[in-house]
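Here is what each chain is made of, one letter per residue.
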Amino acid sequence: MRQKLFGTDGIRGQANTWPMTAEIALKVGMAAGHMFTNGGRRHRVVIGKDTRLSGYTIENALVSGFTSVGMDVVQLGPIPTPAVAMLVRSLRADLGVMISASHNAYQDNGIKLFGPDGYKLSDEVETEIEAEVFGDIDRLLAEPDHIGKSRRIDGIVDRYIEFAKRTLDRTISLSGLKIVIDCANGAAYRVAPAALWELGAEVVALGVAPDGRNINRECGSTVPDHICRKVLETGAHIGIALDGDADRVIISDENGQIVDGDQILAVIGENFRNTGRLRGGGVVATVMSNLGLERHFEKLDLSLIRTKVGDRYVVEAMRRGDYNVGGEQSGHVVLSDFTTTGDGLVTALQVLSVVIQSDKPVSEVCRRFEPVPQLLKNLRFSGPSPLESEAVKSVIAAQEMRLGRAGRLLIRKSGTEPLIRVMAQGEDQTLISGVVAEIVAAVQAAGQGEGVVSTS
């Protein structure tokens, strides 16, 4: 039985290990390039990447694959994922590629594909590409006269900075604000500090010295305590933490308190409603979002549409229902008036505009609702999923009955890492702590779990 190549967010894995090998990248370039090449004109793909050491290997292999089937390549260099989504449209390309493993450690890498409309490819298209990769791929090779070319172009960083700045009203200035920005030593290390400075802010930049191995290491949106401490140390008004490819954001207020994606959705959703810009009569979120967010929107006579975990599912629901605000608690926020995917910088700018217009501190602006107690634990595993164990299934069923209608329980495998995520939320902190503890113990006892590696 053939292994599945694509996961919930493109292809991802440890560098130089299947499927993140140069050979697979070459074949993906050939298959995707052939699929998006038709007619006699020259076809173009844009390729961006974050700052991982393995990005060089994957990029060169993709370039070889695309050019071998007759597609021209524009190499963008290190640049955020949302910039690739924007540039595939701006440069009239047929396909966009981002080489990144997002918030994962540097040893991992990934390949995300975008269509000419700037949206991530559908499951159906990815399945077709996968079939070509494992088929007779040499038949896709172009004749010698039709082999493609590759080039790098200047000014791409400036183009994205201008795009991000234009999402704000021209009357908005960040003058007088001290902002801590943590770029996770990743793809936004040049663009985010520059955009904030050009808008008038005093900028304290962290995570802007990538060396190929320090992306997401003790910094960025997955380690928000880093910016919280720096905000307090420098007396900043706000802290902004991006992840490795800058498609998600977590904020710190002036008191060093974390503002997660749910609070950000509340800020932007309510502001869009008040200014007549909110479409669809609500906001799209995932099953992970806090019950407090749902209750907050109910008071505003707005709906909260929940989807499976993953920004692609959020975007699909937004497109079906014509919603223009959606996102995840983790900080992926999609504002379809501006972007086709999560954009940490653009999201942060929208929050800053509300702060400036309200003339209130971030702690007041970004505390829109009181979250109900919520506990998330991640367990790393190897081999078969512990969730297949009958003993684990029995414990989960018992804990679901124990929780009843007093809260919500969610257990799932991560689509991008070998992790089991166990999350419970409800009014009774003692109850949800007990429920999660029982399930974690069962997973560990199944002989596959390696223990809790992170808790939120």
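Residues numbered from 1 in each chain as written. Predicted model: local features only at pLDDT ≥ 70, side-chain atom pairs only at ≥ 80, totals over all residues. Heavy atoms only, no water.

- The name given to the protein chain in an unreviewed UniProt entry is Phosphoglucosamine mutase, and the organism recorded there is Rhodomicrobium udaipurense.
- Per UniProt, the protein chain carries the Catalytic activity (unreviewed entry) text "alpha-D-glucosamine 1-phosphate = D-glucosamine 6-phosphate". (UniProt positions renumbered as here; feature names shortened; annotations may be inferred.)

A short note on the packing of helix H13 (residues 390–403) against helix H14 (residues 429–445)
- At their nearest, the axes of H13 and H14 sit 9 Å apart, and the two run at 175° to each other. Judged by the angle between their axes, H13 and H14 are roughly antiparallel. Contacts from Val392, Val395, Ile396, Gln399, Arg402 and Leu403 in H13 reach Leu431, Ile432, Gly434, Val435, Glu438, Ile439, Ala442 and Val443 in H14.
- In terms of residue class, the contact of H13 with H14 is made up of 10 nonpolar, two polar and two charged. (Axes fitted to C-alpha atoms, helices over the stretch in contact; angles between N-to-C directions. Helix = DSSP H or I, 4+ residues; strand = E, 2+ residues; numbered from the N terminus. Parallel < 35°, antiparallel > 145°, perpendicular 65-115°, else oblique. Contact = heavy atoms within 4.5 Å. Nonpolar A, V, L, I, M, F, W, Y, C, P; charged D, E, K, R; others polar.)

Brief notes about the pairing of strand S8 (residues 202–206)
- Where strand S7 (residues 178–182) meets S8, five bridges bridge the pair, whose relative direction is parallel. Across the sheet, residue Asp182 finds its bridge partner in S8, namely Leu206.
- Taken together, S7, helix H6 (residues 191–198) and S8 constitute a β-α-β crossover, and its handedness is right-handed. (Pairing = 2+ DSSP bridges. Right-handed = clockwise from strand over helix to strand, strands pointing away.)

A word on unusual backbone geometry
- Residue Pro19 follows Trp18 across a cis peptide bond; omega there is 5°.
- By the secondary structure assignment, Pro19 is in the loop between strand S1 (11–14) and helix H1 (22–35).
- One non-glycine residue, Asn16, lies in positive phi territory at about 65°.
- Among the structural elements, Asn16 can be located in the loop between S1 and H1.
- Among the residues examined, Asn16 registers a relative accessible area of 64% and is labelled exposed.
- Of note in this structure, Arg92 is not a glycine but carries a positive phi near 55°.
- Of note, Arg92 is situated in the loop between helix H3 (81–90) and strand S4 (95–99). (Buried < 20%, exposed > 50% of the residue type's maximum accessible area, 1.4 Å probe, protein only.)

A word on the UniProt feature "domain: Alpha-D-phosphohexomutase alpha/beta/alpha" (unreviewed entry) in the protein chain
- Annotation from UniProt places "domain: Alpha-D-phosphohexomutase alpha/beta/alpha" (unreviewed entry) at residues 4–134, 159–256 and 260–368.
- Annotated as residues 159–256, this span is 26% helix and 19% strand, and its ends, taken at the C-alpha atoms, are 33 Å apart.
- The straight-line gap between the two end C-alpha atoms of residues 260–368 is 11 Å; of that span, 49% is helix and 15% is strand.

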